[in-house]
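Residue-level structural notes
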Amino acid sequence: MKNNNLDYTQEYKYGFTTDIENVKAPKGLSEKTIRFISQIKKEPKWMLDWRLKAFNRLKVSKEPNWQKPKYPKIDYQDLYYYSAPKSMSEKPKSLDEVDPKLIETYNKLGIPLNEQKKLSGVAVDAVFDSVSVATTYKEELTKKGIIFCPISEAIQNHPDLVKKYLGSVIPISDHYFATLNSAVFTDGSFVYIPPNTRCPMELSTYFRINASETGQFERTLIIADKGSYVSYLEGCTAPMRDENQLHAANVELIALDDAEIKYSTVQNWYPGDKNGVGGIYNFVTKRGACRGKNSKISWTQVETGSAITWKYPSCILQGDNSVGEFYSIAITNNLQKADTGTKMIHLGKNTKSKIISKGISAGKADNTYRGLVDIGRKALNSRNYTQCDSLLMGNECGAHTVPYIKNKNSSSIIEHEATTSKINDDQLFYCNQRGLNQEEAVSLIVNGFCKEVLQQLPMEFAVEAQKLVGISLEGSVG
Amino acid sequence: MLNFKINSDEIDKIGSFSKEEKNFRLKNLDYFNDIGFPNKKNEDWKFSDLKAIVSENFSKLDIQFSKSKKQKVDFIKDFEHNYIVIVNGELTISDFKYEEKSNIILKSFSNDNYSNKKESNPLINLNHALSNKGFFLEVKENYKFKKILVIYYLFTEDLDENILNSKNKIKIGKNSELHLLDYLVNDSKKNFFNNVHEDIILENSAVLKNIYLQNNKSSGYFHKYSRNKLFTGSNYSYFIFPAGLKFNKLDLEFDLEGERSECNLQSASFLDNNEHQEIKTRVNHFVPNCKSHQKVKNVLNAESKGVYQGKIFVKDVAQKTDAYQLSKAILLSERSEFDSKPELEIYADDVRCSHGSTSGNLDKDSIYYLMTRGLSQKESTKLLVNGFLNEIADSIKSNSIRNFIKNKLETQLLNEYKKH
């Protein structure tokens, strides 16, 4: 394979910014900033106290440094922790009142925020920087008793639920970035599914990072009450930027008895240019707790963007017979780096978990799978199956697998397998022979390699994700 | 004994050294004293918190140890062999009666390399600082050993809360071949710590077959760091049969430095009581066309804990690498634990690297099948466990040695089953 003269022509498709005046919090991380955020969100006192508690914890905690991708030191005093489109200070009552520039941005991104969205059956909670612009389909969901709203609204309207569950999966003292998020989170989604309710549509949020130098601190809380089901989609694109932008979101899922949560992510943030300049730091904490019996949490992720992706969507399997699943595709090209995987912590009896991870590394990228399977002493008859496959394209990239496997009782079974290889020359030759060019062939083979994960995505995402897989690797095979 | 610090005076007590060597030892002692025994905050010791283990089980660790009395050796009678006898780490007698002695160099170990490096494993620094025993063995070019060489490592009865530091080096010259049996016999009933540093060099096309066998269980706490360098076309196979110790960590590093070199590591252990064993490997593929193969099997009973940490590193130029890692564990008791971390770090694309790791109980169907044939549950378990572990010993080619090893393992297992 001719790897020496790679053609990195693929420009980031969504690289544009919109000029909107921003209301910004005072620069830097301080109690003042936190009070400012809390005030502008009109938060009750308990919420402010909670944030300050996290901030105090942050002062004594240290940034972790065990990860594979290293990054330049982040100056937390040089960031803005809150910025909102100005036209949002008076909340729009309908779409017509929304800043047309915003609407334009969404249209470029192809977010169905207008009439098409009703047809496509997607309720969109679009987060532009930090404030939710419009939440659609609210009424239809309200009829079923489903709460789907920005978390800032939930803090005001459903304080009992928020108080009970916020921080119950990711405690404020968890680790540096989670604590940071707890102190300064600006907005995000809140979902509550009442008992024995099946959410009639896929809930979806598009995040979009805009204003320069603004760290994004989303907070998502999803609660599936007894016997309920919800599928949640998260997709991301971001404009072209030269400065590294930090994104430290927290996502907490709680599944009670017999409930099921399916959480899917397609992440396509700005990865930086081919020289590794710019790009998003995606340091996200995602964790789900299967609290109830027979509950299930399933994570699916397609990670193609960001300069550095560093996340481990995890499941804590507390309830007996609960199930955790993790399906992941991580594609890194050029100088991108990914250190991702999952943690499956088995505490209840008869708990099951399954991990399928596909890492693809091209250009000069580094891709690491890091995962933990921990079967506790009391988690009798538990089962885990892990498969992580890596595909390398070219000899300048790296693929790493770092699984931690702990088995503490004899009735449980853990199986783990991992392989690393390159695209088979015979397969490429076969495709070429049938008239596909090199890039089409690679895209086809890689899509086949990822099929097990892509299948898990909801229809709306599957098509987009398949295209994304192809696009992300364009120019990587010469 | 939470803080185990060593006074620099101790170095003078070991012996008199050149200025250079003394500085080297002092420097390494400083490195060790900075950290002390590693705890689980150290990534490589995540599953084996040595600091806690040492402070729980030792009230002191004596560095000085009076010269051991003459030790009676129970020589193996099952097959003809050359031998070296090491008592408490110290080279005593040897006999190469089947070989041409001009092709063999054997002497007590002396330092020749004073590199001052802070090791990530503080026990290596400790060894550099304090080691005063050990041997150096060289097989010259183009010489193939006619009979196997057995190295008897004897640990005497009078060891009590001592720490032994020894350093061994084995060099196999070009086109030479050596078959080795490391045979560990432990007579001490008391706790002691044994810290070994081993260097093995295989020159071009050299072959080394090494079998590590512990004769009996003991209350020894063992740590061995072994660095193995393989040059072009060399071949190293390493079989490990530990008997189960209070603590046993083998930290093995293989550097494949020459093309077409091959290393093969296999291990079978049966752990019982509160035994703790860790096998940590790191295989570095630095050049193209090399092979590495690892197979680690553990059976865990009672409250024992087994750990396997394996890492395969493939450098960007090391194309056509074939690396494989397999860890299988059977947990027989609710209180046993098995942790593994099979790691791959790969920078070359045209490679075949894979690993697998499984842990679980014996297959219920197999037990049921055997019981329908009239065996008791205990017998069925025993049969299946034997079958599971014997696979490793079965791949030893020499008949007499294989049978010897299998007998040893059989007796060890029998003792286990008698107890339960």
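Within each chain, residues carry numbers counting from 1 in the order of the written sequence. Key to labels: chains lettered from A, ligands numbered from 1, both in the order written. Reporting of local features is limited, given that this is a predicted model, to residues whose pLDDT is at least 70; pairs of side-chain atoms are given and counted only at 80 or more, and all residues count toward the totals for whole chains, interfaces and linings. Only heavy atoms go into the side-chain values, all of them from the structure, while hydrogens and water stay out.

1. Side note on the overall build of chain A
On a plain count of helices and strands, chain A comes out with 12 helices and 24 strands. Partly exposed describes any residue whose relative accessible area lies between the buried limit of under 20% and the exposed limit of over 50%, with all areas from a 1.4 Å probe on protein chains only and scaled to the type maximum. Burial statistics for chain A: of 478 residues in total, 63% are counted as buried. Contacts are residue-level and defined by heavy atoms, with any inter-residue pair within 4.5 Å sufficient. Relative to all contacts within chain A whose residues are 6 or more apart in sequence, the contacts with residues 24 or more apart total 84%. Secondary structure elements are taken from DSSP: a helix is a run of H or I of four residues or more, a strand is a run of E of two residues or more, and numbering for both begins at the N terminus.

2. Overview of the interface of chain A and chain B
With 35 residues of chain A at the contact, the number on the chain B side is 36 residues. A combined buried area of about 2700 Å² lies between chain A and chain B, and 46% of that area is made up of carbon and sulfur atoms. One side-chain nitrogen of Lys or Arg within 4 Å of one carboxyl oxygen of Asp or Glu is enough to make a salt bridge. At the junction of chain A and chain B, the tally comes to two salt bridges. Among the salt bridges present, the one from A:Lys422 reaches B:Asp350, with a minimum N-O distance of 3.9 Å. Polar contacts, as counted here, are pairs of nitrogen or oxygen atoms within 3.5 Å of one another; within protein the pair requires one atom able to donate a hydrogen and one able to accept it, and residues that are adjacent in sequence qualify only if both atoms are side-chain atoms. Run the count over chain A and chain B and you get 19 residue pairs in polar contact (both at pLDDT 80 or more). Elements represented by at least two residues in the side of chain A that touches chain B include exactly strand S23 (398–407) and strand S24 (413–422) of chain A. For the side of chain A that touches chain B, the class distribution of residues is 12 nonpolar, 15 polar and eight charged. Accessible area, probed at 1.4 Å, shrinks when two parts are joined; the buried area is that loss added up over both. Here the nonpolar group is Ala, Val, Leu, Ile, Met, Phe, Trp, Tyr, Cys and Pro; Asp, Glu, Lys and Arg are the charged ones; every other residue, Gly included, is treated as polar.

3. As for the environment of A:Ile155
Residues and elements named next belong to chain A. Summarising the element assignment, isoleucine 155 is placed in helix H6 (residues 151–157). With 11 residues separating them along the chain, isoleucine 155 and leucine 166 place their C-alpha atoms 9.9 Å apart. Not counting residues up to four positions away in its chain, the partners in contact with isoleucine 155 are Glu43, Pro44, Trp46, Met47, Val162 and Phe185.

4. Here we look at the nonpolar core
Buried Ala, Val, Leu, Ile, Met, Phe, Trp, Tyr and Cys residues form a nonpolar core when they are joined through side-chain atoms within 4.5 Å. Counting 51 residues, the largest nonpolar core has A:Tyr76, A:Phe190 and A:Leu246 as its most contacted members. Broken down by element, the residue count for this core peaks at seven residues, all from helix H2 (residues 45–60) of chain A. In this structure, A:Tyr76 is in contact with A:Gly28, A:Leu29, A:Glu63, A:Tyr81, A:Tyr176, A:Phe177, A:Leu180 and A:Leu246, ignoring residues within four places of it in sequence. Counting residues in hydrophobic clusters, the runner-up holds 50 residues, among them B:Leu91, B:Leu137, B:Ile170 and B:Phe192.

5. A closer look at the pattern of salt bridges
Using the criterion set out here, one finds 49 salt bridges over all chains in the structure. Put simply, A:Glu252 and A:Arg219 hold a salt bridge, and the shortest N to O gap is 2.8 Å. One end of the pair, A:Glu252, is in strand S11 (residues 250–255); the other, A:Arg219, is in strand S8 (residues 219–224), with 33 residues separating them in the sequence. Each of A:Lys68, B:Glu43, B:Lys46, B:Lys311, B:Lys341, B:Glu343 and B:Glu345 takes part in a single network of salt bridges with overlapping partners.

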